[in-house]
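Commentary on secondary and tertiary structure
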Amino acid sequence: MQPAPLPLTLASLRAAYRERRLTPSQLAGVLRRRDRDLTAPGVWTHRLDENELAPYLERLEAAEPEALPLYGVPFAIKDNIDLAQVPTTAACPAAAYTPTRSAFVVQRLIDAGAMPVGKTNMDQFATGLVGTRSPPPWGPCANAFDRNFIAGGSSAGSAVAVALGLASFSLGTDTAGSGRVPAAFNNLVGLKPSRGLLSGGGVVPACRSLDAVSLFALLPEDAAVLFELARAPDPADPYARQLSDSVWPEVSSRPGFRIAVPQDSQLQWDDAAAPQLFEAAVKALESLGAHVAQADFGPFLAAGKLLYEGPWLAERALAVQRMLGDRTEALHPVVAEVIQGGRGFSAMAAFDAQHRLQDFRRQAAALFTDFDFALTPTTPGIHSIQAVLDEPLTLNARLGHYTNFMNLLDLAAVAVPGGFLPSRLPWGFTLFGPTGSDRALLSLAQRYCDRQGLPLGATGASKPALPPLATPAGDWIELVVCGAHLSGCPLNHQLRERRGRLVAAQRTAPRYRLFRLPGGTPERPGLVRVNEDGAAIDVEAWALPAAALGTLMAGVPPPLAIGKVELADGRWRAGFVCEAGGTAGAADITAYGGWRQYLKARP
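Summary of the structure given here. (Residues numbered from 1 in each chain as written. Predicted model: local features only at pLDDT ≥ 70, side-chain atom pairs only at ≥ 80, totals over all residues. Heavy atoms only, no water.)

Focus on the overall build of the protein chain
What counts, and what does not: To qualify as a helix, a DSSP run of H or I must reach at least 4 residues; to qualify as a strand, a run of E must reach at least 2; elements of each kind are numbered from the N terminus. Radius of gyration here is computed from C-alpha atoms only, and the compact-globule reference equals 2.2 Å multiplied by the residue count raised to the power 0.38. Exposure is judged per residue with a 1.4 Å probe applied to protein chains only, and the accessible area is read against the type maximum: over 50% gives exposed, under 20% gives buried, and values in between give partly exposed.
Across its full length, the protein chain carries 19 helices and 19 strands. A globule of 603 residues ought to have a C-alpha radius of gyration of about 25 Å, and the protein chain, at 26 Å, matches this closely. With respect to the three principal axes, the spread of C-alpha positions in the protein chain is 85 × 60 × 45 Å. Residues counted as buried form 59% of the 603 residues belonging to the protein chain.

The following block contains the structure:
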């Protein structure tokens, strides 16, 4: 495979545009020629021609590269997601329509400067994890590394387009693994965000209550940037929601974070070499400071079985019926068989499945009281196209062993490249966590990938030595504590109950006095900033979810308050302070240098 003329990472493109080494029109020409030379089967359902691309190029070349965060970045769109004036087919010609406007998430990316280059092939109506359930004129989509093997689905073309260097990133959808399985099979990062964070407006549904728009990228840091730019409240999407970070995004940068892996009996393998790659991934994460331990994944796996045994099949049938009516003859034969299985569920069966799922959710949530993240292989293995055509249902079901439960249990996940099998085909693993853990998962994935040095997709290119684009810090706030909330002290539980994480032991700038306040149980100190005769005081910095800080503040008794504390390194952080007038009658204990030292030294 010949390398792409330029690594299509966000940082590489940003540098090339800023240095005037490249224009969007030039890049579009390069990608057209590369696409023609590769003749990769089954990637596109519609490749934008020069006339269709012209309005996007005109807008970009009238702007400055610095003005748009995704200036001239080429991206591909799964063909169940609308792009204005281009047919949407969901890989079913009989269901095709031409939208007058783009899907909400597509328009967000275009507004940021991204350049759409085509609509990508998929398992029809996003029903499959294989990439072979697409009828003529498109047919199966082949793997980017070996055309005899499946690309994974249902977002097959979206993954292969990025892996082959035909797009910088792509949009897919993920209901049961469609954004993670193709990522694993094509050496990509696949982000399945928390449901509702990326709008489903303008997306042909598979299971509307479970669907998530997903992202394929060459690097975790690129996926992080795209995630921030793509997500925004969509008032027209009834499933849209805003979430705060449920896991501290910086947790993986501190030693001691916790990762759960399945018990040995719950692992499923279809390739003899895959267990060694999984063990290597575990050891790599441990080298980053992770504590990895086995846990019971029974609730996850049991929930996953509901997806194709319960009423969510009926939801798929409903989505198809709304598009096709009774024209089931227009369906791919395997898709027709799957959809037909969803037509016989009763209302009682639907409620029974919902009740069982709610119990599985409760059990799964309990795991994340003991662990920050969970880790599984993305799939048990990879199969040839012919094997899947011979056994379309059995092998597809096996591919979903580690993926089917994710949206049912309202989890966030990122598929991460994990190396190569002896067959030279990619293998990958998936990190996942509770809804709202998206940023933390991407942060951990980036730390892992930075250590591995894997090539970018199937292009043969390596990650360039360029600083990544900046992403927001997240929805957590550092809080400085100086007394009863310190580790091991009586009120520390108030931080831990709010999912607080210890950042570091710190010292204040030498501008504070510390007082033992009279009365109160437990006893507490007061930290007062002074203009002279100040000293440095030992404190701790904790990270708390922004929403949790509000509930903590409501219980702070006077004369204490949450204000700003200056640390020894010059940074200012939110922290416990004391009103100067509240120290009347209080003992000055500044000389001890901190609350713990005072407690240890007093009679």
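Next, the rest of the story.
Structural notes on the sheet that holds strand β15 (residues 525-529)
Spelled out, the test is: Pairing between strands requires that DSSP locate at least two bridges from one strand to the other.
Sheet architecture is open: three strands sit in the order β15-β14-β19, paired in antiparallel fashion. Only two strands of the sheet have a single neighbouring strand rather than two, namely β15 and β19 (587-588). In this structure, strand β14 (residues 512-516) lies alongside β19, joined through two bridges in antiparallel fashion. Bridge assignment links Arg516 to a residue of β19, and that residue is Ala587.

Regarding unusual backbone geometry
In this chain, Pro136 is followed by Pro137 through a cis amide linkage whose omega measures 15°. The residue Pro137 is located in the loop between β3 (115-120) and α5 (156-163) in this model. Along the chain, Thr521 connects to Pro522 via a cis peptide bond; the corresponding omega equals -5°. Relative to the assigned elements, Pro522 resides in the loop between β14 and β15. A positive phi is found at Phe125, a non-glycine position, where the angle reads about 50°. Along the chain, the position of Phe125 falls in the loop between β3 and α5. Accessibility expressed as a relative area gives 3% for Phe125, which makes it buried. With a phi angle near 60°, Asp410 is a residue other than glycine that sits in the positive phi range. Tracing the backbone shows Asp410 in the loop between α15 (405-408) and β10 (411-420). Its relative accessible area of 16% is what places Asp410 among the buried residues.

Details of the pattern of salt bridges
For the record, the criterion: Here a salt bridge means any side-chain nitrogen of Lys or Arg lying within 4 Å of a carboxyl oxygen belonging to Asp or Glu.
Under the definition given, this model contains 32 salt bridges. Arg195 is the partner of Asp410 in a salt bridge, and the nearest nitrogen-oxygen pair spans 3.6 Å. Taken as a pair, Asp410 in the loop between α15 and β10 and Arg195 in the loop between β5 (189-192) and β6 (212-217) lie far apart in primary sequence, 215 residues in all. For the pair Asp410 and Arg195, one class covers both residues: buried. Between Arg241 and Asp410 there is a salt bridge, and its shortest N-O distance comes to 2.5 Å. Taken together, the positions of Arg241 in the loop between α7 (220-230) and β7 (258-262) and Asp410 in the loop between α15 and β10 put the pair 169 residues apart, joining distant regions of the chain. Within this structure, Glu228, Arg231, Asp245, Arg439 and Asp475 form a network of salt bridges that share partners.

What to know about the packing of helix α4 (residues 104-111) against α7
Where we set the bar: A fitted line through C-alpha atoms represents every axis, and for helices the fit uses only the stretch in contact; the resulting angles, taken between N-to-C directions, go from 0 to 180 degrees. Any angle that is under 35 degrees is reported as roughly parallel, and any over 145 degrees as roughly antiparallel; angles of 65 to 115 degrees are reported as roughly perpendicular and all others as oblique. Each crossing is labelled by how the near helix is turned from the far one, with a counterclockwise turn of less than a right angle marking it left-handed and a clockwise turn marking it right-handed. Every residue pair with non-hydrogen atoms within 4.5 Å of one another is taken to be in contact. Asp, Glu, Lys and Arg are counted as charged, while Ala, Val, Leu, Ile, Met, Phe, Trp, Tyr, Cys and Pro are counted as nonpolar; the rest, among them Gly, fall into the polar class.
Between α4 and α7, whose axes approach to 9 Å, the crossing angle comes to 110°. Relative to α7, the element α4 is oriented roughly perpendicular. Classified by chirality, the crossing of α7 by α4 is right-handed. Each of Val105, Arg108 and Leu109 in α4 lies in contact with α7, whose residues at this interface are Leu226, Glu228, Leu229 and Ala230. When its residues are assigned to classes, the contact of α4 with α7 shows five nonpolar, no polar and two charged.

Remarks on helix α18 (residues 546-554)
We apply this condition: Taken from the helix axis, the directions to the C-beta atoms give the arc we talk about.
Those residues of α18 that sit buried are Ala548, Leu549 and Leu552. Down the axis of α18, the buried side of the element spans an arc of 105°, and every buried residue falls inside it. The exposed set on the far side of α18, more than 90 degrees from its buried face, consists of Ala547 and Ala554. Tucked inside the fold, the buried residues of α18 contact β12 (476-481), α17 (492-496), β16 (538-545) and β18 (572-578).

A closer look at the sheet that holds β7
An order of β1-β3-β2-β4-β6-β5-β10-β11-β9-β7-β8 is seen for the eleven strands of this open sheet, with the pairing classed as mixed. The sheet is open, and its two borders are formed by β1 (44-47) and β8 (291-295), each paired with just one other strand. With strand direction ignored, the average angle separating the axes of adjacent strands in the sheet is 25°. Relative to strand β4 (residues 169-174), strand β2 (residues 74-78) is paired through three bridges, and the arrangement is parallel. Residue Ile77 lies in a different strand from β4, and its bridge partner there is Leu171. Where helix α2 (residues 24-38) meets the sheet, it contacts β1, β2 and β3, and its direction lies at approximately 140° from that of β1.

Some words on the state of the cysteines
Defined simply, a disulfide is a covalent bond joining two cysteines at their sulfur atoms. Quick reminder of the rule: Pairs of cysteine sulfur atoms within 2.5 Å are what we label disulfides.
In this structure the tally under the stated criterion is zero disulfides. No disulfide involves Cys489; its nearest neighbouring cysteine sulfur is the one of Cys482, lying 10 Å away. Residue classification places Cys489 among the buried residues on the basis of a relative accessible area of 13%.

So, α5
Structural remark: α-helix, 3.6 residues per turn; residues separated by three or four positions point the same way. Buried residues dominate α5, accounting for eight of its eight residues. Burial in α5 covers these residues: Ala156, Gly157, Ser158, Ala159, Val160, Ala161, Val162 and Ala163. Those residues of α5 that are buried are in contact with β1, β2, β3, β4, α6 (181-185) and β6. Downstream of α5 by one or two residues, Gly165 has phi in the positive range, about 80°.

Some thoughts on the pairing of β16
Along a regular strand, successive side chains alternate from one face of the sheet to the other. Burial within β16 is extensive, with seven of its eight residues counted as buried. With six bridges connecting them, β12 and β16 associate as antiparallel partners. Each bridged residue has a counterpart across the sheet, and for Leu479 the counterpart in β16 is Trp542. Sheet topology places strand β13 (residues 501-507) next to β16; six bridges connect them, and they run antiparallel. Bridge assignment links Ala504 to a residue of β16, and that residue is Ala541.

The analysis is restricted to geometry; functional conclusions fall outside its scope.
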